[in-house]
Amino acid sequence: MTDMEKKVMVRLCTKILTETNLYETDKEIHNLIDWVLYRSRSRQIITRYTT
């Protein structure tokens, strides 16, 4: 997955979180969003400490 695709995934997750209630009502979406955002945050932390 390219960096641009990853950014789009994070933006979509953010949009779902702010504009719908799917995060609270659908466990599968909840887990997917958590996974995407966790991976994004982990990547930021790793990049910060390795550069």
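Just so you know, these numbers come straight off a predicted model, no measurement behind them.

*Asks:* Describe the overall build of the protein, naming the residues involved and giving the relevant values.
*Replies:* When its secondary structure is counted, the protein shows 3 helices and 0 strands. Across the 51 residues of the protein, 12% fall into the buried class. In the form shown here, the protein has an accessible surface area of approximately 4,400 Å², with 59% of it arising from carbon and sulfur atoms.

*Asks:* Describe the environment of isoleucine 33, naming the residues involved and giving the relevant values.
*Replies:* Inspection of the secondary structure assignment puts isoleucine 33 in helix H3 (residues 27-50). Sequence spacing of isoleucine 33 and isoleucine 16 is 17 residues, and the spatial spacing of their C-alpha atoms is 8.7 Å. Setting aside residues no more than four positions away along its own chain, isoleucine 33 makes contact with Cys13, Ile16, Leu17 and Tyr23.

*Asks:* A description of the confidence of the model for the protein should follow, citing residues and the corresponding values.
*Replies:* In the predicted model, the protein carries a mean pLDDT of 85, and the fraction of residues at 70 or more is 84%. Mean pLDDT across the elements of the protein ranges from a minimum in H3, with 80, to a maximum in helix H2 (residues 22-25), with 94.

*Asks:* Just give me the short version of a nonpolar patch on the surface, but keep the residues and values in it.
*Replies:* A cluster of nonpolar residues, Met4, Val8 and Leu12, forms a patch on the protein surface that exposes about 290 Å² of accessible area. Summarising the element assignment, valine 8 is placed in helix H1 (residues 3-19). Taking relative accessible area as the criterion, valine 8 reaches 37% and is therefore assigned partly exposed.

*Asks:* Tell me about the environment of leucine 12, and please be specific about residues and values.
*Replies:* Tracing the backbone through its elements, the reader meets leucine 12 in helix H1. Along the backbone, leucine 12 and isoleucine 33 are 21 residues apart, and their C-alpha atoms lie at a distance of 9.1 Å.

The rules behind these values
Throughout, a residue's number is its position along its own chain's written sequence, starting from 1. Only residues with pLDDT of at least 70 are given local features in this predicted model, and only at 80 or more are side-chain atom pairs given and counted; all residues enter the totals for whole chains, interfaces and linings. Side-chain measures here rest on the full set of heavy atoms in the structure, leaving out hydrogens and waters. The way it works is that DSSP assigns letters per residue, a run of H or I at least four long becomes a helix, a run of E at least two long becomes a strand, and they are numbered from the N terminus. When accessible area is computed with a 1.4 Å probe and restricted to protein chains, residues below 20% of their type maximum are described as buried, those above 50% as exposed, and intermediate ones as partly exposed. The protein chains shown are the only cover counted for residues, whose accessible areas, like all others here, come from Shrake-Rupley with a 1.4 Å probe. Contacts are assigned to residue pairs that have any heavy atoms within 4.5 Å of one another. For every residue, the predictor reports its confidence as pLDDT, a number between 0 and 100. Exposure above 30% relative accessible area and the absence of a salt bridge qualify a residue for a patch, where like charges join within 9 Å and nonpolar side chains (Val, Leu, Ile, Met, Phe, Trp, Tyr) within 5 Å. Whenever a carboxyl oxygen of Asp or Glu lies within 4 Å of a side-chain nitrogen of Lys or Arg, that contact is scored as a salt bridge.

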